[in-house]
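Tertiary structure, described
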Amino acid sequence: MPEIRQADLKTFRQMYGIPENTVERWIHTRGFPAYKQGHKWYVDIRKYEKWRETEHVNSYKYA
């Protein structure tokens, strides 16, 4: 089975179980690794995995 390297937002949300409004907020406020091609947004899966790790570390930095 080939590795998925990018996904449109609908597929991405289904893969990770993330609500639509959360992903849209991330895109516009948190440096989320997405890009727009035409009228559709796409997520680079590898960059998302790295971004998620960084966000996790930063969110628990002061805990």
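Up top is the structure.
Report follows, based on the coordinates.

What counts, and at which threshold
Residues numbered from 1 in each chain as written. Predicted model: local features only at pLDDT ≥ 70, side-chain atom pairs only at ≥ 80, totals over all residues. Heavy atoms only, no water. Helix = DSSP H or I, 4+ residues; strand = E, 2+ residues; numbered from the N terminus. Expected span 1.5 Å × (residues − 1). Buried < 20%, exposed > 50% of the residue type's maximum accessible area, 1.4 Å probe, protein only. Arc of directions from axis to C-beta. Contact = heavy atoms within 4.5 Å. Polar contact = N/O pair within 3.5 Å; in protein donor to acceptor, adjacent residues only side chain to side chain. Axes fitted to C-alpha atoms, helices over the stretch in contact; angles between N-to-C directions. Left-handed = near helix turned anticlockwise from the far one by under 90°. Nonpolar A, V, L, I, M, F, W, Y, C, P; charged D, E, K, R; others polar. Phe/Tyr/Trp six-rings, centres within 6.5 Å; stacked < 30°, edge-to-face > 60°.

Let us now look at helix α3 (residues 45-59). Think of an α-helix as turning once every 3.6 residues; residues three or four places apart then point the same way. Taking 1.5 Å of rise per residue, 15 residues should cover 21 Å, and α3 covers 21 Å from first to last C-alpha, within 8% of that figure. Every buried residue of α3 is accounted for by Ile45, Tyr48, Trp51 and Glu55. Down the axis of α3, the buried set is contained in an arc of 105°. They therefore lie on one face. The outward face of α3, more than 90 degrees from its buried face, is lined by the exposed residues Lys50, Glu53 and Val57. Of the surrounding secondary structure, the elements contacted by the buried residues of α3 are β1 (6-8), α1 (9-16), α2 (20-29) and β3 (40-44). Measuring from the backbone nitrogen of Arg46 back to the side-chain oxygen at the start of α3 gives 3.1 Å, which picks out Asp44 as the cap.

Close contact between α1 and α2 brings their axes to 10 Å; oriented N to C, the two are set at 115°. Two packed elements cross with a definite hand, and for α1 against α2 that hand is right-handed. Of the residues in α2, those touching α1 at Leu9, Phe12 and Arg13 are Glu20, Val23 and Ile27. Tallied by class, the residues present in the contact of α1 with α2 amount to four nonpolar, no polar and two charged.

Glancing now at the environment of Gln6. In this fold, Gln6 is placed in strand β1. The spacing of Gln6 and Arg46 is 40 residues in sequence and 8.0 Å in space, taken between C-alpha atoms. In this view, Gln6 contacts Tyr35, Val43, Asp44 and Ile45; residues no more than four positions away in its chain are not counted.

Below, the discussion takes up the packing of aromatic side chains. Enumeration according to the criterion identifies 10 aromatic pairs in this entry. Summarising the aromatic geometry, the rings of Trp26 and Trp51 are spaced 5.1 Å apart at their centres and angled 55° between planes, so their arrangement reads as tilted. With Trp26 in helix α2 and Trp51 in helix α3, the pair connects residues that are 25 residues apart, well separated along the chain. Summarising the burial analysis for this pair, Trp26 and Trp51 share the class buried. Following the ring pairs from residue to residue traces out a cluster consisting of Phe12, Tyr16, Trp26, Phe32, Tyr48 and Trp51.

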